[in-house]
Each structure stands twice: as C-alpha cells, then as structure tokens.
Amino acid sequence: MQHHTHFIVAQLLLLLPIASVVLGSTDPMVLSHNALRTEVHSMITALDTLIGRVDETQDSVPKWTIDTLKEWWEKHVGHASGHCSSEQTVYKPLVNEKLPDVIDQTQDAMDSTQKKVTKSIAKLSAEKSSLVAVHNALITYEDMMLKNFGAEERTVLPLLHSNVSPEEMSQIQRKMLQEGHDNAMGALIYTLSPDVSHSRY
C-alpha cells in the first residue's frame, strides 16, 4: 500500500508542468489551496442545481442527499483541517518571521464560518429550507476561504520562495501529500483536470 501511495505521489509531481498551463501555477501551496477551493465551489454549484429541483410545497429533500452532504462535509473538514495543520507545522517554521495579522484574522473567520456550516449540516432535513441554509452557509465559508488563501499567497508565499529552494519545496510537498488526509490527493487530481475552471481564483 505504501509503495502504491509513493507511486501516485510521484505521478502527481510529474503533472506539475501541466499545472502551469492549466492553473497558471505549479506552486505546491497554490495547488493545495486550489484543491480545497474547487472542492467547496463544486458542492455549491451542485446545490444550486439541486435546490432548483426540490419542490417547496412538500418535504422532498431525498435521504440520500442528506446522507451524501453529511459524508462530504465530514471529509472536507478533515481535508481542510489537515491542510491548515500542515501549514502551521511545515510552512510557518520555514518562513522564520512573524506572519502578518491578516493571516490569523482570516483563518479565525474561516474557522468560524466552517462551524456554522457544520451546524447547518446537522440540521438538514427533508425541508427545502434546510438545504438552502447549507448552501448559504457554504457561500459565506467559501468567501472567507478565498480571503484567507489569498492573504497567504500574497504574504507567506513570497517569504517561502525566499527561504526555501524549489528542490526542498518539492520534497516537503511530497511528504505532505503522503501524510495528508485521504481525499486530499483525490481533490488535487481533480483540480489538475483541464476541465476545471480556475478563473475565479
């Protein structure tokens, strides 16, 4: 199993030159951010469609929809938490400087909105209004995520580039992928697809 994981990681690293064409960046931090951005935005888009198909006059949100959303959110929180933990334990020491206050501020706001999504997910029912509540909470969460990741890419990323060589960063990212959350790798593969639009980033 470990050999299989190493093989997949190696293949992903070979895809990075393609990423520069598709995403406009091969930076590991940007790619991992894009994986999370895409994960959330894809669900918001799916809910846009689903909400339009649910009849407001009756309790008609299918049980499979509720179960799927709960499972997806649990996996996403694990992915996001693992990513933020890695940034604190791996990236922050490499910067070797006090990070701008905006990083902590936007991270705290992102964590707060994430908890609100968790609450709305817990209240999911057959009523359409509960689905709309999740959708709206996700939109707010996505907005704070974009602000947090944007702040990191504008401030932390230049510091990393000045302190860490591309070769060292490649090794660090390899280790982070191997030790990351189960669906982090799947999200990254999906994000590298040329069919995924990243113009909003």
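Quick note: structure is the one above.
Residues numbered from 1 in each chain as written. Predicted model: local features only at pLDDT ≥ 70, side-chain atom pairs only at ≥ 80, totals over all residues. Heavy atoms only, no water.

Colleague: So what about the nonpolar core? Which residues, and what values?
Modeller: By size, the foremost hydrophobic cluster in this structure holds 27 residues, and its most contacted members are Leu47, Leu131, Leu138 and Tyr141. Breaking this core down by element, the ones donating at least two residues are α3 (28-53), α4 (63-95), α5 (101-122) and α6 (128-163). Ranked by residue count, the leading element in this core is α6, at eight residues. Every residue in contact with Leu138, bar those within four places of it in the chain, is listed here: Val40, Met43, Ile44, Leu47, Trp72, Trp73 and Val117. Met29, Val30, Val95 and Leu157 belong to the second-largest nonpolar core, a separate cluster that totals 14 residues. (Core = buried A, V, L, I, M, F, W, Y, C linked by side-chain atoms within 4.5 Å. Buried < 20%, exposed > 50% of the residue type's maximum accessible area, 1.4 Å probe, protein only. Helix = DSSP H or I, 4+ residues; strand = E, 2+ residues; numbered from the N terminus. Contact = heavy atoms within 4.5 Å.)

Colleague: Talk me through a positive patch on the surface; I want residue IDs and the actual numbers.
Modeller: Taken together, the side chains of Lys115, Lys116, Lys119 and Lys123 present a region of like positive charge at the surface. Inspection of the secondary structure puts Lys116 in helix α5. We classify Lys116 as exposed; its relative accessible area is 54%. (Patch = residues over 30% accessible without salt bridge, like charges linked within 9 Å, V, L, I, M, F, W, Y side chains within 5 Å. Areas by Shrake-Rupley, 256 points an atom, 1.4 Å probe, with all protein chains shown as cover. Salt bridge = Lys/Arg side-chain N within 4 Å of Asp/Glu carboxyl O. Lys, Arg positive; Asp, Glu negative; His and termini not counted. Charge placed at Lys NZ, Arg CZ, Asp CG, Glu CD.)

Colleague: Please give an account of the packing of α4 against helix α7 (residues 166-179) that cites residues and values.
Modeller: It is the contact of α4 with α7, at a shortest axis distance of 12 Å, that shows an interaxial angle of 165°. Taken together, the axes of α4 and α7 are roughly antiparallel relative to one another. α7 is crossed by α4, and the crossing has right-handed handedness. Residues Ser86, Val90, Tyr91 and Leu94 of α4 lie in contact with α7, whose contacting residues are Met169, Ile172, Gln173 and Met176. Classifying every residue of the contact of α4 with α7 by side-chain character gives six nonpolar, two polar and no charged. (Axes fitted to C-alpha atoms, helices over the stretch in contact; angles between N-to-C directions. Parallel < 35°, antiparallel > 145°, perpendicular 65-115°, else oblique. Left-handed = near helix turned anticlockwise from the far one by under 90°. Nonpolar A, V, L, I, M, F, W, Y, C, P; charged D, E, K, R; others polar.)

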